[in-house]
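Below are the chains, spelled out letter by letter.
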Protein chains: 2
Amino acid sequence: MQFLAENTADGVTRREFRLEVGGDSVPGCLWHPQGAVGPRPLILLGHGGSQHKKAANITAAAISHAQELGYATLAIDAPGHGDRVSREQAKADQDAAREAGRRAQQGQAPPARPSRIPGAAAKAVAEWRAVLDAAQQLDVVGRHDRVGYWGVSMGTRFGVPFVAQEPRIACAIFGLFGVFPGLEDHRLAAEQIKIPLMFVFQWEDELMSRDQGLALFNAFGSTDKTMHINPGGHVGVPAHERDSWLAFWKRHLGEA
Amino acid sequence: MQFLAENTADGVTRREFRLEVGGDSVPGCLWHPQGAVGPRPLILLGHGGSQHKKAANITAAAISHAQELGYATLAIDAPGHGDRVSREQAKADQDAAREAGRRAQQGQAPPARPSRIPGAAAKAVAEWRAVLDAAQQLDVVGRHDRVGYWGVSMGTRFGVPFVAQEPRIACAIFGLFGVFPGLEDHRLAAEQIKIPLMFVFQWEDELMSRDQGLALFNAFGSTDKTMHINPGGHVGVPAHERDSWLAFWKRHLGEA
């Protein structure tokens, strides 16, 4: 884990890093309270499709974890995202995502799109495990299982197989995803997950049906799981859910 | 509103009262922070079937409203409940409710039971309105629309028509109820409600189906509504929802 840059604002330090995983250089960010010393709960944030490790919602969540809970937070660019692609490619992907959403909303196209990166989910899982290993060597994180995973949409697509395989994850927040034809492995991974879960879903999500979302919630093997349904489309999760997420972390990972 | 007894513990004052409404003497309780002066947000708590104004969950909620938010809280015995029936009748009703739940769980009986009191919902609505009128004369409550309604199960059965008719209610928490054959008026009342709502539902509720619960959530006319689904049966709402409820009040009714 090679640290490249560091920046502190509003009591929160953000450290940018690169980690070599399987021949790839994975770019990531670690946030923690300014001057933090010693182990503390860690949240892993899996960004959405066409987004990146410093997208507005990722950065805002990381800052609130540090400021309000004293936690550390990690985010990495998923395969084919952020600093791992050219600006032109990133721009083209964002345009394609918007267009796919628009067409799905008008019923003109099936919502599911194949990933541009073959084997992206398996790659993402391996990268998360390697980044977690490396981060736990740091004094400010520490080796423990007070680790939570958050990721909606593509963050659930990649997060479910990761969390199913990673015993250090104590609790997770997923959402904006469902059971899809051709993603049978994803549903099977969901069944393997037994930790406390929150699942957030948008009732008018243009990319998936209500039944698909409910089916994924039903599939999770956890007995402690809660689903929050709100009106609106895929990118319209209401701001008050951020408070639910903070309360969820505090309930399951405790004080820093 | 005739006050009969007062009790203070842990910084919370509970005042028992009676109010004459339409020839009936309605028993109720008002809770507020010890020594509270001046207007503050008010929560109305509608208890469940076979329960009463001082049932454990009602009392616990009222205490946390006072201690954590500085709010006032009102609860009344619904028609045919609490101090409005003999101990023998109350006991018989509780036994009948348990038996109905048991039989419904085993699929031996339809879950819906007619109320023992004819016109109970209309009566409950009139009583809530009268109690709110009277409470708003008190200095510690005040005349305003920073009023929330909470009620699940029978508290939603009676609360939906009340909230639909009462413009002083700014936000409400319902749950453990659904769309039922023969209760068409209830669904129509739900459609009239436009205020921010939270709706809590148990995914293995032995008294109603998932589809019935989702249908009631869908029926509410509010654009700001959120549904929390948790595993388990009718009386198994997890403790963490109490924190969601406090956050909901704070978000919509503000500081005391």
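Up top you'll find the structure we're talking about.
Note that the coordinates shown come from a computational prediction; the quantities given were computed from them, not determined experimentally.

A.B. asks: When you look at the pattern of salt bridges in this model, what are you seeing that I'm missing?
C.D. replies: Close approach of charged atoms allows side chains of opposite charge to pair. Residue and element names in this part refer to chain A. In this structure the tally under the stated criterion is 34 salt bridges over all chains. A salt bridge links arginine 84 to glutamate 127; the nearest nitrogen and oxygen atoms lie 2.7 Å apart. Placement of arginine 84 in the loop between β5 (72-76) and α2 (87-105) and of glutamate 127 in helix α3 (residues 120-135) is noted, with a sequence separation of 43 residues between them. Of the two residues examined, arginine 84 and glutamate 127, each falls in the buried class. Here lysine 91 makes a salt bridge to aspartate 95, at a shortest N to O gap of 2.9 Å. A residue pair is termed a helical-turn pair when its members lie 3 or 4 positions apart in one helix, as lysine 91 and aspartate 95 do in helix α2 at four residues. Linked by salt bridges that have partners in common, Asp24, Arg84, Lys123 and Glu127 make up one network.

A.B. asks: Quick question: what am I supposed to make of the packing of aromatic side chains here?
C.D. replies: What describes a pair of aromatic rings is the distance from one ring centre to the other and the angle between the planes of the rings. All names here are of chain A. Scanning the entire structure with this criterion turns up 28 aromatic pairs over all chains. Ring centres of phenylalanine 3 and phenylalanine 17 lie 5.9 Å apart, and the angle between their planes is 70°; this geometry places the pair in the edge-to-face category. One end of the pair, phenylalanine 3, is in strand β1 (residues 2-9); the other, phenylalanine 17, is in strand β2 (residues 12-21), with 14 residues separating them in the sequence. Given the relative accessible area of 27%, phenylalanine 3 is considered partly exposed. Residue classification places phenylalanine 17 among the buried residues on the basis of a relative accessible area of 1%. Over the aromatic face of phenylalanine 3 sits the side chain of arginine 15, whose NZ or CZ is 4.1 Å from the ring centroid.

A.B. asks: What's the story with the relation of the copies chain B and chain A in this structure? I'm lost.
C.D. replies: A rotation about an axis combined with a shift along that same axis relates the two copies of the chain. Taken as rigid bodies, chain B and chain A are interconverted by a rotation of 180° and an axial shift of 0.0 Å, the fit giving an RMSD of 0.0 Å. The operation mapping one copy onto its partner corresponds to a two-fold rotation axis. Measuring from the rotation axis to each C-alpha of chain B, the shortest distance belongs to His228(B), at 2.4 Å.

A.B. asks: Explain the interface of chain B and chain A here, please?
C.D. replies: On the side of chain A, 17 residues touch chain B, which itself brings 17 residues to the contact. Here chain B meets chain A over a buried area of about 1,400 Å², counting both sides, of which 55% is carbon and sulfur. For the chain B face of the interface with chain A, the top three residues by lost area are Ile229(B), Pro231(B) and His240(B), together amounting to 31%. For the pair chain B and chain A, the interface holds zero salt bridges. Here chain B is connected to chain A by eleven residue pairs in polar contact (both at pLDDT 80 or more). For the side of chain B that touches chain A, the secondary-structure elements that each account for two or more residues are α6 (210-219), β9 (225-230) and α7 (240-253) of chain B. The greatest single-element share of the side of chain B that touches chain A, amounting to six residues, is contributed by β9(B). Among the residues forming the side of chain B that touches chain A, the class breakdown is six nonpolar, six polar and five charged. Here three bridges tie strand β9 (residues 225-230) of chain A to β9(B), and the two strands are oriented antiparallel to one another. If you follow His228(A) over to β9(B), its bridge partner there is His228(B).

A.B. asks: Is there a simple way to explain the packing of helix α4 (residues 154-165) of chain A against helix α5 (residues 184-192) of chain A in this structure?
C.D. replies: In a packed pair of helices, the relevant descriptors are the angle between the two axes and the axis-to-axis distance. Residue and element names in this part refer to chain A. Here α4 crosses α5 at 45°, and the two axes come no closer than 8 Å. With respect to α5, the axis of α4 lies oblique. As for how α4 packs across α5, the hand of that crossing is left-handed. For the pair formed by α4 and α5, the contact residues are Thr156, Arg157, Val160, Pro161 and Ala164 on the first element and His186, Ala189, Ala190 and Gln192 on the second.

Thresholds applied
- Residues numbered from 1 in each chain as written.
- Chains lettered and ligands numbered in written order.
- Predicted model: local features only at pLDDT ≥ 70, side-chain atom pairs only at ≥ 80, totals over all residues.
- Heavy atoms only, no water.
- Salt bridge = Lys/Arg side-chain N within 4 Å of Asp/Glu carboxyl O.
- Helix = DSSP H or I, 4+ residues; strand = E, 2+ residues; numbered from the N terminus.
- Buried < 20%, exposed > 50% of the residue type's maximum accessible area, 1.4 Å probe, protein only.
- Phe/Tyr/Trp six-rings, centres within 6.5 Å; stacked < 30°, edge-to-face > 60°.
- Lys NZ or Arg CZ within 6 Å of the ring centre and 35° of its normal.
- Least-squares fit on C-alpha atoms with pLDDT ≥ 70 in both.
- Contact = heavy atoms within 4.5 Å.
- Buried area = accessible area lost by both parts, 1.4 Å probe.
- Polar contact = N/O pair within 3.5 Å; in protein donor to acceptor, adjacent residues only side chain to side chain.
- Nonpolar A, V, L, I, M, F, W, Y, C, P; charged D, E, K, R; others polar.
- Pairing = 2+ DSSP bridges.
- Axes fitted to C-alpha atoms, helices over the stretch in contact; angles between N-to-C directions.
- Parallel < 35°, antiparallel > 145°, perpendicular 65-115°, else oblique.
- Left-handed = near helix turned anticlockwise from the far one by under 90°.

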